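As a plain string of letters, each chain reads:
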Amino acid sequence: MTTTLTADEIERYARHIVLPEVGGAGQQKLKQARVLVIGAGGLGAPVLEYLAAAGVGTLGIVDDDTVSLSNLQRQVIHGTDTIGMLKTESAKAAIARINPNTAVETHTFRLSADNAPALVARYDITVDGSDNFETRYTVADACASAHKPLVHAAVGRFDGSVTVLKPFEDGKDGKPNPGYRDLFPEAPPPGLVPSCAEAGVLGALTGVVGTLQAMEAIKLITGIGEPLVGRLLLYDALAARFETIRYARH
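Residues numbered from 1 in each chain as written. Predicted model: local features only at pLDDT ≥ 70, side-chain atom pairs only at ≥ 80, totals over all residues. Heavy atoms only, no water.

## Quick look at the pairing of strand β6 (residues 159-165)
Phase 1 of the analysis: Within β6, six of the seven residues are buried, which leaves the element mostly enclosed by the surrounding structure.
Phase 2 of the analysis: Examined bridge by bridge, strand β5 (residues 150-155) and β6 share six bridges and lie antiparallel to one another. Bridging from a neighbouring strand, alanine 153 pairs with valine 162 of β6.
Phase 3 of the analysis: What sits between the antiparallel neighbours β5 and β6 is a turn of three residues.
Phase 4 of the analysis: Across four bridges, β6 lies against strand β7 (residues 231-236) in antiparallel orientation. Looking at β7, one finds that serine 161 is bridged to leucine 234. (Buried < 20%, exposed > 50% of the residue type's maximum accessible area, 1.4 Å probe, protein only. Helix = DSSP H or I, 4+ residues; strand = E, 2+ residues; numbered from the N terminus. Pairing = 2+ DSSP bridges.)

Structure representation (structure tokens):
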């Protein structure tokens, strides 16, 4: 893929290009980037929409589920007319409407320890929008082994968290950056953390947290700002409060 911006792209991304921190060079980095998004659900929906709109050149989507009516309260990339469709195909069609310049690669299967390493190695960055600890550990381990940055997030009923994992690099203090297992050494016992279907989740919450994930991915691609490496950003929707917790390699 050529990184040269066409006249149409220059107009489309004009509000990015006038930002000194991004500019034409940053927009070209976005065009060249390949981002893998795990899950086209509550978190994956805003991630995919905003990364496509931002001009990310290639988006990979991993999801083996189909769109159901109960998804639509939060999974805004899908619509009533796509109920029953594979989420990968529904999301691909939505991305084509948002930005036809973004190529979409669909991976309609469940991620596993067997297929994750080869898949994440094909992309520059992975954004994890999965909803279970087994997949989160699988994704984190694969990204760490492949030396690929991971933007991780999770949501509860009215709260969420976001962090960026680059355990293969050293921080500004010269010490190795922490990994996912430094944050969560082991998964909670089965049944301790209820699913969205069991506990519920406020739809707009996933929009807030997923959009924060998209922002972190854009920062990583363009090299601007300070990504959430070694920091866990916590969002309490009911109190409208953000807090940041630092964590380190054990």
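There's more to say after this.
## Quick word on the pattern of salt bridges
Phase 1 of the analysis: Scanning the entire structure with this criterion turns up 11 salt bridges.
Phase 2 of the analysis: A salt bridge links aspartate 141 to arginine 181; the nearest nitrogen and oxygen atoms lie 2.7 Å apart. Of this pair, aspartate 141 sits in helix α7 (residues 133-146) while arginine 181 is found in helix α8 (residues 180-183), placing the two residues 40 residues apart along the sequence.
Phase 3 of the analysis: On the basis of relative accessible area, aspartate 141 is assigned to the partly exposed category, the value being 34%.
Phase 4 of the analysis: With its nearest N and O atoms 3.2 Å apart, the salt bridge here joins arginine 241 to glutamate 243. (Salt bridge = Lys/Arg side-chain N within 4 Å of Asp/Glu carboxyl O.)

## A few points about the packing of helix α3 (residues 23-32) against helix α10 (residues 203-222)
Phase 1 of the analysis: The interhelical angle for the contact between α3 and α10, taken along N-to-C directions, is 110 degrees, at an axis separation of 9 Å. Taken together, the axis directions place α3 and α10 in an arrangement best described as roughly perpendicular. In this structure, α3 crosses over α10, and the sense of that crossing is right-handed. Counted together, Gly26, Lys29 and Leu30 of α3 and Ile218, Ile221 and Thr222 of α10 form the full contact between these two elements.
Phase 2 of the analysis: Residues belonging to the contact of α3 with α10 are distributed by class as follows: three nonpolar, two polar and one charged. (Axes fitted to C-alpha atoms, helices over the stretch in contact; angles between N-to-C directions. Parallel < 35°, antiparallel > 145°, perpendicular 65-115°, else oblique. Left-handed = near helix turned anticlockwise from the far one by under 90°. Contact = heavy atoms within 4.5 Å. Nonpolar A, V, L, I, M, F, W, Y, C, P; charged D, E, K, R; others polar.)

## Brief notes about the nonpolar core
Phase 1 of the analysis: Val35, Leu48, Leu51, Val56, Leu59, Ile95 and Val127 are the most contacted members of the largest nonpolar core, which has 37 residues in total.
Phase 2 of the analysis: In this structure leucine 51 touches Val35, Val56, Leu59, Ala214, Ala217 and Ile218, once residues within four positions along its chain are discounted.
Phase 3 of the analysis: One finds Leu36, Ala116, Leu119 and Phe133 within the second-largest nonpolar core, a separate group that totals 20 residues. (Core = buried A, V, L, I, M, F, W, Y, C linked by side-chain atoms within 4.5 Å.)

## Here we look at the packing of aromatic side chains
Each pair of aromatic rings is reported with the distance of its centres and the angle of its planes.
Phase 1 of the analysis: Under the defined criterion, the tally for this structure stands at five aromatic pairs.
Phase 2 of the analysis: On the numbers, 5.3 Å between centres and 50 degrees between planes, the contact of tyrosine 180 with phenylalanine 184 is tilted.
Phase 3 of the analysis: According to the relative accessible area criterion, phenylalanine 184 is partly exposed, its value standing at 29%.
Phase 4 of the analysis: For the ring pair tyrosine 235 and phenylalanine 242, a centre distance of 4.6 Å and an interplane angle of 25 degrees mean the geometry is stacked.
Phase 5 of the analysis: An aromatic cluster is present here, built from Phe133, Tyr137, Tyr180 and Phe184 joined pairwise through their rings.
Phase 6 of the analysis: The ring of tyrosine 123 carries the charged tip of arginine 34 above its face, separated from the ring centre by 4.5 Å.
Phase 7 of the analysis: A cation sits over an aromatic face here: arginine 136 above phenylalanine 133, 5.0 Å from the ring centre. (Phe/Tyr/Trp six-rings, centres within 6.5 Å; stacked < 30°, edge-to-face > 60°. Lys NZ or Arg CZ within 6 Å of the ring centre and 35° of its normal.)

## Thoughts on the side chain of asparagine 177
Phase 1 of the analysis: Along the chain, asparagine 177 falls in the loop between β6 and α8.
Phase 2 of the analysis: Owing to a relative accessible area of 9%, asparagine 177 belongs among the buried residues under this scheme.
Phase 3 of the analysis: Only 3.4 Å separates the side chain of asparagine 177 from the backbone nitrogen of glycine 171, close enough to count as a polar contact.
Phase 4 of the analysis: Not counting the four nearest positions on each side in its chain, asparagine 177 is found in contact with Lys166, Pro167, Glu169, Asp170, Gly171, Val229 and Arg249. (Polar contact = N/O pair within 3.5 Å; in protein donor to acceptor, adjacent residues only side chain to side chain.)

## So, helix α4 (residues 44-54)
Phase 1 of the analysis: Counted residue by residue, α4 has eight buried out of 11 residues, so it is predominantly covered.
Phase 2 of the analysis: Turning to α4, its buried residues number three or more, namely Gly44, Ala45, Pro46, Val47, Leu48, Leu51, Ala52 and Ala54.
Phase 3 of the analysis: Looking one or two places after α4, you find glycine 55, whose phi comes out positive at around 100 degrees.

Structural measurements only, silent on function.
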